[in-house]
Amino acid sequence: MDELIRKENPIIWCPGCGLYSIFSQIITNLKKLNMKDVVAISGIGCAGRSSGYFNLDSVNTLHGRAIPIAEGMKRANNKLNVFVFSGEGDLLGIGLNHLIHCARRNPNIKVFCADNQVYGMTGGQASPTTKKGEITKTTPRGMEFYPIDIQKILMANKSYFYARTTPSNLKHLSFCIEEAFKHQGFSFVDIRFA
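Student: When you look at helix 2 (residues 66–76) in this model, what are you seeing that I'm missing?
Tutor: Helical geometry note: an α-helix holds 3.6 residues per turn, so side chains three or four residues apart project in the same direction. Within the span of helix 2, buried status applies to Ala66, Ile67, Ala70, Glu71 and Lys74. Across the axial projection of helix 2, the buried residues extend over an arc of 125°, all falling on one side. Exposed residues on helix 2 whose side chains face more than 90 degrees from its buried face are Arg75 and Ala76. Elements in contact with the buried residues of helix 2: strand 1 (38–42), strand 3 (81–87), helix 3 (88–94), helix 4 (96–105) and strand 4 (109–115).

Student: For this particular structure, what's the right way to read the packing of helix 1 (residues 19–32) against helix 6 (residues 170–182)?
Tutor: When two helices pack together, you describe them by how their axes are tilted relative to each other and by the distance separating the axes. Running from N to C, helix 1 and helix 6 cross one another at 50°; their axes reach a closest spacing of 9 Å. Between helix 1 and helix 6, the crossing angle belongs to the class labelled oblique. The two elements helix 1 and helix 6 cross, and the hand of that crossing is right-handed. On helix 6, the residues touching Ser21, Ile22, Gln25, Ile26, Asn29, Leu30 and Lys32 of helix 1 are Leu170, Leu173, Ser174, Ile177, Glu178 and Phe181. Residue classes in the contact of helix 1 with helix 6 are distributed as 7 nonpolar, 4 polar and 2 charged.

Student: Would you explain the sheet that holds strand 8 (residues 187–192) in this entry?
Tutor: By way of backbone hydrogen bonds, the strands of a sheet pair with one another, either parallel or antiparallel. An order of 2-1-3-4-8-7 is seen for the 6 strands of this open sheet, with the pairing classed as parallel. Each having just a single partner strand, strand 2 (57–60) and strand 7 (161–165) make up the two edges of the open sheet. Taking the axes of each pair of neighbouring strands and ignoring which way they run, one obtains an average angle of 15° across the sheet. With 4 bridges joining them, strand 1 and strand 2 adopt parallel strand pairing. Paired with Ser42 across the bridge in strand 2 is Asn60. Of the strands in this sheet, strand 1, strand 3, strand 4 and strand 8 touch helix 1, which is tilted by about 170° from strand 3.

Student: Any chance you could explain the pattern of salt bridges here in plain terms?
Tutor: As a working rule, side chains carrying opposite charge can pair if their charged atoms are close by. Taken as a whole and judged by the stated rule, the model has 12 salt bridges. Its salt-bridge partner being Arg105, residue Glu71 comes within 2.8 Å of it at the nearest N-O pair. Of the two residues, Glu71 is situated in helix 2 and Arg105 in helix 4; the sequence distance between them amounts to 34 residues. In this structure Arg105 comes out as partly exposed when scored by relative accessible area, which is 41%.

Student: Which parts of the structure should I look at to understand the nonpolar core?
Tutor: In summary, soluble globular proteins display a tendency toward joint burial of nonpolar side chains. If you look at the biggest cluster of nonpolar residues, it comprises 28 residues, and the most contacted ones within it are Ile26, Leu30, Phe54, Phe83, Phe85 and Phe112. Counting only elements with at least two residues in this core, the list comes to helix 1, strand 1, strand 3, strand 4, strand 7, helix 6 and strand 8. By residue number, the principal contributor to this core is helix 1, which donates 6 residues. With residues near it in sequence (within four places) discarded, Phe112 still touches Ile26, Phe83, Val84, Phe85, Ser86, Leu91, Ile177, Ala180, Phe181, Val189 and Ile191. Membership of the second largest hydrophobic core comes to 23 residues, among which are Ile41, Ala103, Tyr160 and Tyr162.

Thresholds applied
- Residues numbered from 1 in each chain as written.
- Predicted model: local features only at pLDDT ≥ 70, side-chain atom pairs only at ≥ 80, totals over all residues.
- Heavy atoms only, no water.
- Buried < 20%, exposed > 50% of the residue type's maximum accessible area, 1.4 Å probe, protein only.
- Helix = DSSP H or I, 4+ residues; strand = E, 2+ residues; numbered from the N terminus.
- Arc of directions from axis to C-beta.
- Contact = heavy atoms within 4.5 Å.
- Axes fitted to C-alpha atoms, helices over the stretch in contact; angles between N-to-C directions.
- Parallel < 35°, antiparallel > 145°, perpendicular 65-115°, else oblique.
- Left-handed = near helix turned anticlockwise from the far one by under 90°.
- Nonpolar A, V, L, I, M, F, W, Y, C, P; charged D, E, K, R; others polar.
- Pairing = 2+ DSSP bridges.
- Salt bridge = Lys/Arg side-chain N within 4 Å of Asp/Glu carboxyl O.
- Core = buried A, V, L, I, M, F, W, Y, C linked by side-chain atoms within 4.5 Å.

See below:
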C-alpha cells in the first residue's frame, strides 16, 4: 500500500479528519482490485490536496473543474482508470453543472465527494450542503436555505452508480468505494461527515 502514497509530501489534514479514512480506503481498493493506469483528479479545498498525496499520475484542477478534466482525460484515453477525490464545495457548488452533465453522459469515471457541509479550508463558511438553520461564519443567524440533495439529483438517472456512506464506518466506506471502482460507467460516492 505504501507505494501508492507519495513520501515527499507529508499529509497535512487536521488530526481526526475523515479525509484520512477516505484516502486510505481508496488506496486499499486500488491495491485490492489491482488497478493499473490510474489517474487521480482533485479540485480545490482540503480534499483537493489529495492529488499531491497519491503516488499516481494526478492533476489538481481549478475550483469546480475536476469533473471536466477527469472526463476529458477518460475520453482522450479510454484505458485510463480515472477518479475524482474532492469536496462538496468544489463538486456541488461551482462544479455542479459539470457534475450533472457528466453524469448524464455516463463516462466510466469515479467521483468520491467528501462532504463535511462547510468550506473547511477557508474557515468554515456555509457550503451547498450546509443544513438549514446551521450557524457558520457566513450564516451567523443560521443558514436560511435548504441544502442541495445530490442523491435526488443524481438518482433521476438509474444508469449509473450512486452510494452514500461516511468516513466513520470503514467497512461500509470501503464497500462503497470498491463497488464504485467496479461499476462500468459513472460512479458517485457521497461521503457525509455528519
